[in-house]
Amino acid sequence: MRIRNSFVCLTLTLTGAVGFAQGAAPGLYVPPGSSFDTSVFGSSLDLGCTSVLVEGALTVGGSTVQGATDVLVNGGSVAGDTGTISLSGTFSNAGSFDPGTGTVAFVDSCGAGDAKIVGPTTFTNLSFASTAGRRLVIPTGTSITVTGTLTLQGTPSAPVSIVTADGSPAIINVAPGATVVRSNVTLQPGVTIGAPVVGTASPIPTLSEYGLMVLSALVGVLAFANRRRFSTKDSNAPA
């Protein structure tokens, strides 16, 4: 069946969303000027391995949007609220993403290729869990921030990898008070989780004004003692 809600197109079969080929309509499309709240479908909306394209305004509310291949915010806005967005492919933010207190979770259910984050984005909770040894491709630089919980989880036999598209250095910023849950993860050289530590120069220790005064006084005392010692030695020398 084909459902239209506030000019939003959602293409479904009785058992789930209809798959689509490259260039065909996405499973969930929010066009410009329209809005859609996924909670209209209850606590869960299964897209059956199709994509989400947002050019209008999408509200997740407290529901779970699952079974997505890609989530593409193309000039529109997404309010994560307290819900969960579960996908397998690319999360691309070329619009506005308000994470609320929700979660964006990369899972294996709709594909074994690379998972990708495109565009500067702040997440409250970000999860990448795989049993297939997949890679999470992140933007270069410092454009990804996690303020709640960052979960990166592979398996001993198939660890996950965090890489960048062109091999350049990148940082997943972890805000103060955030939590990192990490197991069976490999990082591409130059990829850092949290504050950068590799290659950071240590500051040269400096003294306070009081410390400098004490040091100057000690140097003066030492110099005076040395003069007294040499003067005494000269006066005791044989004529």
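Draft legend 1. Local environment of the state of the cysteines. Counted according to the given criterion, the structure contains 1 disulfide. The disulfide bridge from Cys49 ends at Cys110, spanning 2.1 Å between sulfur atoms. Measuring the twist about the S-S bond at about -80°, one finds the Cys49-Cys110 disulfide to be left-handed. On the criterion of sequence distance, the pair formed by Cys49 in strand β6 (residues 44-54) and Cys110 in the loop between β11 (103-106) and β12 (115-118) is long-range, its members being 61 residues apart. Here Cys49 falls in the partly exposed class, since its relative accessible area comes to 35%.

Draft legend 2. A look at the packing of aromatic side chains. By the definition in use, this model includes 4 aromatic pairs. Measuring from centroid to centroid gives 5.2 Å for Phe91 and Phe97, while their planes differ by 75°, and the two rings are edge-to-face. Assessed through its relative accessible area of 0%, Phe91 is described here as buried. Given a relative accessible area of 12%, Phe97 falls into the buried group. Through a chain of ring-to-ring contacts, three or more aromatic side chains come together here, namely Phe91, Phe97 and Phe123.

Draft legend 3. Expanded view of the side chain of Gln188. Following the sequence through the fold, Gln188 ends up in the loop between β19 (185-187) and β20 (191-193). Here Gln188 falls in the buried class, since its relative accessible area comes to 14%. A polar side-chain atom of Gln188 sits 3.2 Å from the main-chain carbonyl oxygen of Gly167. With residues up to four places along the chain from it excluded, the contact list for Gln188 reads Ile162, Val163, Thr164, Gly167 and Ser168.

Draft legend 4. How the structure looks around the pattern of salt bridges. Counting across every chain of the model gives 2 salt bridges. Put simply, Arg134 and Asp108 hold a salt bridge, and the shortest N to O gap is 3.2 Å. Residue Arg134 is found in the loop between β13 (121-129) and β14 (135-138), and its partner Asp108 is found in the loop between β11 and β12; the two are separated by 26 residues along the sequence. Accessibility expressed as a relative area gives 3% for Arg134, which makes it buried.

Draft legend 5. How the structure looks around the nonpolar core. Membership of the largest hydrophobic core comes to 38 residues, with the highest contact counts inside it found for Phe106, Leu136 and Ile162. With residues near it in sequence (within four places) discarded, Phe106 still touches Leu87, Gly89, Phe91, Ala115, Lys116, Ile117, Leu126, Ser127, Phe128, Ala129 and Leu136.

Draft legend 6. Molecular detail of the pairing of strand β16 (residues 160-164). Most of β16 is tucked away, with 5 of its 5 residues classed as buried. The alternating pattern of β16 places Val160, Ile162 and Thr164 and Ser161 and Val163 on opposite faces, both of which are buried. For β14 and β16, the ladder comprises 4 bridges, and the chain directions are parallel. Bridge pairing links Val137 to Val163 in β16.

Draft legend 7. Structural context of the confidence of the model for the chain. In the predicted model, the chain carries a mean pLDDT of 82, and the fraction of residues at 70 or more is 71%. pLDDT under 50 marks residues 1-7. Its contacts with residues more than four places away, or in other chains, come to 20 contacts. Residue range residues 11-24 is modelled with pLDDT below 50. Its contacts to residues more than four positions away, or to other chains, number 24 contacts.

What counts, and where the lines are drawn
Residues numbered from 1 in each chain as written. Predicted model: local features only at pLDDT ≥ 70, side-chain atom pairs only at ≥ 80, totals over all residues. Heavy atoms only, no water. Disulfide = S-S within 2.5 Å. Helix = DSSP H or I, 4+ residues; strand = E, 2+ residues; numbered from the N terminus. Buried < 20%, exposed > 50% of the residue type's maximum accessible area, 1.4 Å probe, protein only. Phe/Tyr/Trp six-rings, centres within 6.5 Å; stacked < 30°, edge-to-face > 60°. Polar contact = N/O pair within 3.5 Å; in protein donor to acceptor, adjacent residues only side chain to side chain. Contact = heavy atoms within 4.5 Å. Salt bridge = Lys/Arg side-chain N within 4 Å of Asp/Glu carboxyl O. Core = buried A, V, L, I, M, F, W, Y, C linked by side-chain atoms within 4.5 Å. Pairing = 2+ DSSP bridges. pLDDT = per-residue confidence, 0-100.

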